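Chain and residue survey
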Amino acid sequence: MNRIHQHPILKFERGREVKFTFDGREMTGYEGETIAAALTANGVRDFRESIKLQHPRGFFCAIGRCANCSMVVDGVPNTKVCVIPLKGNMKIERQHGRGAVRERS
Ligand code: FES
């Protein structure tokens, strides 16, 4: 896992450990940390593909401004995972292109 456990000046208060899936693979993270942090801790670096050239994109600004981290979360495309807290049983998928817009029922 790529996670900081001790730091000389910061304290990490973590929620309970939860399971989630990324592209069908089961992973674990801590409730309340961002989805991007949980994915990074599990070794995921490519969050989506660029729209024109399908180049891999990882998270960049980490404050919800650039959209580099847009993923499909529980079926919702274009979710900026750098600012969305992780919850148990979330289904997270890498986004290809613009993401599909869901029809209203
Ligand atoms: S990394 Fe920039 S919006 Fe998430």
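The structure this text deals with has already been given above.
Here we look at the overall build of the chain
- In terms of regular secondary structure, the chain is built from 1 helix and 7 strands.
- Reading the helices (α) and strands (β) of the chain from amino to carboxyl end gives β-β-α-β-β-β-β-β.
- A compact globule built from 105 residues should have a C-alpha radius of gyration of about 13 Å, and the chain, at 14 Å, falls within 12% of that.
- Structurally, the chain occupies a C-alpha span of about 45 × 30 × 20 Å along its principal axes.
- A burial count over the chain gives 33% of its 105 residues as buried.
- A sequence separation of at least 24 residues applies to 43% of the contacts in the chain between residues at least 6 apart.
- A total accessible area of about 7200 Å² is found for the chain, and carbon and sulfur atoms account for 50% of it.
- Taken together, the 18 basic and 11 acidic charged side chains of the chain have centroids lying 6 Å from each other.

So, the nonpolar core
- In terms of nonpolar packing, the biggest core is built from 18 residues, with Phe-20, Ile-35, Leu-39, Phe-47, Val-81, Leu-86 and Ile-92 touching the most fellow members.
- Elements with a minimum of two residues in this core: β1 (17–22), α1 (35–41) and β5 (70–73).
- Sorting elements by how many residues they give to this core places α1 first, with 4 residues.
- Beyond its immediate stretch of four places on either side in the chain, Phe-20 contacts Arg-25, Glu-26, Met-27, Thr-28, Gly-29, Ala-38, Leu-39, Asn-42, Leu-86, Asn-89, Met-90 and Ile-92.

Let's talk about the pairing of strand β2 (residues 25–30)
- Of the pairings in the sheet, the one linking β1 to β2 comprises 6 bridges and is antiparallel in character. The residue of β2 that forms the bridge with Thr-21 is Glu-26.
- If you look at the hairpin formed by β1 and β2, you'll find 2 residues sitting between the two strands, and Asp-23 has a positive phi there, around 45°.

Structural notes on the packing of aromatic side chains
- By the definition in use, this model includes 1 aromatic pair.
- Measuring from centroid to centroid gives 5.7 Å for Phe-47 and Phe-59, while their planes differ by 15°, and the two rings are stacked. One end of the pair, Phe-47, is in the loop between α1 and β3 (48–49); the other, Phe-59, is in the loop between β4 (56–57) and β5, and 12 residues separate them in sequence.
- Take Phe-59: its relative accessible area is 37%, and that puts it in the partly exposed class.

Calculation rules
Residues numbered from 1 in each chain as written. Predicted model: local features only at pLDDT ≥ 70, side-chain atom pairs only at ≥ 80, totals over all residues. Heavy atoms only, no water. Helix = DSSP H or I, 4+ residues; strand = E, 2+ residues; numbered from the N terminus. Rg over C-alpha atoms; globule rule 2.2 N^0.38 Å. Buried < 20%, exposed > 50% of the residue type's maximum accessible area, 1.4 Å probe, protein only. Contact = heavy atoms within 4.5 Å. Areas by Shrake-Rupley, 256 points an atom, 1.4 Å probe, with all protein chains shown as cover. Lys, Arg positive; Asp, Glu negative; His and termini not counted. Charge placed at Lys NZ, Arg CZ, Asp CG, Glu CD. Core = buried A, V, L, I, M, F, W, Y, C linked by side-chain atoms within 4.5 Å. Pairing = 2+ DSSP bridges. Phe/Tyr/Trp six-rings, centres within 6.5 Å; stacked < 30°, edge-to-face > 60°.

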